[in-house]
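Letter by letter, the chains look like this.
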Amino acid sequence: MSKTIAAVATGNSAAGIGVIRISGDDAIAIADKVFKPLDGTPLTEVKGYTAKYGNVITDGEAFDNAIALIFREPRSYTGENVVEISVHGGIFIVEKTLQSVFSAGAIPAEAGEFTKRAFLNGKLDLTQAESVAELISAQGQEAAKASFNLLQGSLSNKINKILDSLIDCSATMAAWVDYPDEEIPELSDESLNETLLTARNSLSDLIKNYESGIVMTQGIDTAIVGKPNVGKSTLMNMLSGEEKSIVTHIEGTTRDVVEGSVKLGNLVLHLSDTAGIRESDNIVEAIGIKRAKEKIDTASLVLAVFDSSSPLSTEDRGLISKCSGKQSVAVINKSDLDAKLDISEIEKAFEHVVYISAKQGDGAEALEKEIKNLLGVNGFDSSQPLLANQRQKNCVVNALAHINSAIEGAQMGITFDAINVMIDSAVDELLSLTGKKATEEVVNNIFSRFCVGK
Ligand code: GDP
């Protein structure tokens, strides 16, 4: 028998409504003590998939009008009896209702416990459970789409298909090895080879798309750098659509790093507008410049800004050499002014160059295209199954290594039972990816990263 848990399922701020979620064998009996439908029916007699309008009762008194949604096991998110009480969303009201639910016998839910119970009751596999966390923290359209696909089971379906063919192949080989007297048809080399190569291709595709999936769903850490006055802050403001950085013609205005996440088309950039890089005696400015230089080293993408209306300077040359070896785009700004910049040195040093006028808001699309070219995410398709995190990727990388060994082994003519050991190891990795064979430690680790109420 599972203990009945409860938590606030909505955010911790004043809102139109707040939802208290209760799950467990006694969820309905506990909810019945704190919620009275206006039509007088006790919640214990209410069918599943029913909404009831009524009052929350605390200390014997009606405290708020609310709606209770009843789900009877197994047809609920967790697979258990679940009641969701939607009260008016003031923090005090929500907390007081939750306390009443605790007084009526529920215990506080741990982080991720609702989704963990859904997993343990077979409602979701691990990739789907992880997608719940991703969906909630999704920052942009692509992240939301990719997580929703995961939740729908796109990755599980793909992995299960690979698993089916490997298990089938492994079972045939095992039967053939173990029961030589039975008339079990031998697995042909071609058929074995085809199964292994198909698995290898599917797994390799997942790994190949992992990096672009991460970039497109989680965004990319991007530094805007350049000497003073080239238009870094104006670019930051153009991209963010708000005055995050102060734009002036006085050099050295941005003295530290200004940060913000922006959408550029369907890309999410986590931007840092840095202090203009130049020699400075001013202590505060010098600290900003030091941080700007560090940001070039740590960011995943650098937008190196140059002013097309002034000749290339020593500071520009310093920036060019600092960007060498980094994923960077040369952004030639102020393209609305007469060009005085000789860009041959820039074109030699940067594979990706784009012309913009940040002040006039021109060039965002060209910049997006160039960044996507650089990151190799131009053809990114969020409807394809994607690996959502490093854990999932590790399982696939390990499974692929076993499949590769099996392919090599088959080519060298090693025995079927040796090949079978490798296939079984690949199967184990994929089963731990979907959670069918994940250790308790892995499962606990995954759900501990959720927050309470999920
Ligand atoms: P930062 O020091 O690199 O951050 O430069 P700012 O963004 O503060 O801009 C310095 C000056 O250049 C300001 O007067 C801006 O209005 C001007 N500026 C920035 N971008 C452009 C542009 O695309 N065209 C023109 N004509 N002026 C610009």
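Residues numbered from 1 in each chain as written. Predicted model: local features only at pLDDT ≥ 70, side-chain atom pairs only at ≥ 80, totals over all residues. Heavy atoms only, no water.

Asker: How should the sheet that holds strand β3 (residues 35-37) be read in this particular structure?
Answerer: An order of β3-β4-β5-β6-β2-β1-β7 is seen for the seven strands of this open sheet, with the pairing classed as mixed. Edge strands, defined here as strands with exactly one partner in the open sheet, are β3 and β7 (107-108). Across five bridges, strand β5 (residues 61-71) lies against strand β6 (residues 82-88) in antiparallel orientation. Bridging from a neighbouring strand, I70 pairs with V83 of β6. Lying over the sheet, helix α1 (residues 27-34) contacts β2 (17-23), β3, β4 (50-58), β5 and β6, oriented at roughly 80° with respect to β3. Its contacts with the sheet place helix α3 (residues 113-120) against β1 (5-8), β2 and β7, and it is angled at close to 135° to β1. (Pairing = 2+ DSSP bridges. Helix = DSSP H or I, 4+ residues; strand = E, 2+ residues; numbered from the N terminus. Contact = heavy atoms within 4.5 Å. Axes fitted to C-alpha atoms, helices over the stretch in contact; angles between N-to-C directions.)

Asker: Honestly, the packing of helix α7 (residues 189-218) against helix α14 (residues 416-434) in this entry has me stumped. Any pointers?
Answerer: Helix packing geometry: the angle between the two helix axes and the distance between the axes. The contact between α7 and α14 brings their axes to 13 Å, and the two run at 25°. If you check the angle between α7 and α14, you find them roughly parallel. With respect to the hand of their crossing, α7 and α14 are arranged in left-handed fashion. Taken together, the residues of α14 that come into contact with α7 (itself represented by D189, L192, L196 and L203) are F416, I419, I423 and L430. Its residues placed into classes, the contact of α7 with α14 shows seven nonpolar, no polar and one charged. (Parallel < 35°, antiparallel > 145°, perpendicular 65-115°, else oblique. Left-handed = near helix turned anticlockwise from the far one by under 90°. Nonpolar A, V, L, I, M, F, W, Y, C, P; charged D, E, K, R; others polar.)

Asker: Sorry, what's going on with the site of the ligand here?
Answerer: The environment of the ligand is formed by 18 residues, the closest being N229, K232, S233, T234 and D336. Take V230: an N or O atom from its main chain is 3.2 Å from an oxygen atom of the ligand. One of the side-chain N or O atoms of D336 is found 2.8 Å from a nitrogen atom in the ligand. For the ligand, whose unbound accessible area comes to 580 Å², protein coverage reaches 88%. Of all the elements, helix α8 (residues 232-240) adds the most residues to the shell around the ligand, at three residues. Across the shell around the ligand, the residue classes break down as five nonpolar, eight polar and five charged. (Near = heavy atom within 4 Å. Polar contact = N/O pair within 3.5 Å; in protein donor to acceptor, adjacent residues only side chain to side chain. Areas by Shrake-Rupley, 256 points an atom, 1.4 Å probe, with all protein chains shown as cover.)

Asker: Sorry, what's going on with unusual backbone geometry here?
Answerer: Note: most residues except glycine have negative phi, and most peptide bonds are trans. Here the bond from E73 into P74 is cis, since omega is 5°, no more than 30 degrees from zero. Positive phi, normally seen in glycine, also occurs at Y49, with a value near 55°. Mapped onto the elements, Y49 comes out in the loop between β3 and β4.

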